[in-house]
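Examination of the molecular architecture
One letter stands for each residue in the lines below.
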Amino acid sequence: TDLPVPAATTSSPTPAAEETTEPEPAPTTPAPEATPVAQPCVARDITVEGLADQDTYAAGQNPQLSIRLTNNGADDCTLNVGTSAQSFTIMSGSDVWWRSTDCQTEPSDMVVLLAAGQSVSSAAPLTWDRTRSSVSTCGEPNRQIAPGGGASYHLSVEIGGIASTQTTQMLLY
């Protein structure tokens, strides 16, 4: 499936209030062969990492979570990095505590060009409120609180269908 490519736009000259002797330059549009079209990124070229702003969190501190992706390939490529393509999962052992997609509202797409060798991170972190999520408890004010006391939780992320290969450990106190 091809990604939509924005149509080239040109601006029409604005009529001048007074006559000028110099003609307006014609808008220039690059020839199609001069505009490279990057292919969609392939999983083998992309490294996806989940990031937490700290390793340990005191009682009352909420983890701030981000995604970093790196294009390890030799070519530029495109990837949907919008919220519709992102998934954050927090587990303790085999117990899934929280998923960013459980209560997500208004997911959006955002296709970006990743240059070869480029690393990019989330523009704004996502906050985990230290509660258990499920699609049936989104509106509930008293969701189960994640135990602290040095309990270990692991963050895994996925973006554009590419999953992180390692988890990021966080300790809650």
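Owing to the predicted nature of the structure, the values given are computational and were not obtained by experimental measurement. (Residues numbered from 1 in each chain as written. Predicted model: local features only at pLDDT ≥ 70, side-chain atom pairs only at ≥ 80, totals over all residues. Heavy atoms only, no water.)

1. Focus on the pattern of salt bridges
Per the counting criterion, the structure on display carries three salt bridges. Two residues, glutamate 49 and arginine 68, come together in a salt bridge whose shortest N-O distance is 3.0 Å. Residue glutamate 49 is found in strand 2 (residues 46–52), and its partner arginine 68 is found in strand 4 (residues 64–71); the two are separated by 19 residues along the sequence. Owing to a relative accessible area of 28%, glutamate 49 belongs among the partly exposed residues under this scheme. Under the relative-accessibility criterion, arginine 68 is labelled partly exposed at 29%. When the shortest N-O distance is used, the salt bridge between aspartate 95 and arginine 132 registers 2.9 Å. In this pair, aspartate 95 is assigned in strand 7 (residues 95–99) and arginine 132 in the loop between strand 10 (126–127) and strand 11 (151–159), connecting sequence segments 37 residues apart. (Salt bridge = Lys/Arg side-chain N within 4 Å of Asp/Glu carboxyl O. Helix = DSSP H or I, 4+ residues; strand = E, 2+ residues; numbered from the N terminus. Buried < 20%, exposed > 50% of the residue type's maximum accessible area, 1.4 Å probe, protein only.)

2. Observations regarding unusual backbone geometry
The backbone phi angle of glutamate 106 is positive, close to 50 degrees, even though this residue is not glycine. In this fold, glutamate 106 is placed in the loop between strand 7 and strand 8 (111–114). Residue classification places glutamate 106 among the exposed positions, given a relative accessible area of 74%.

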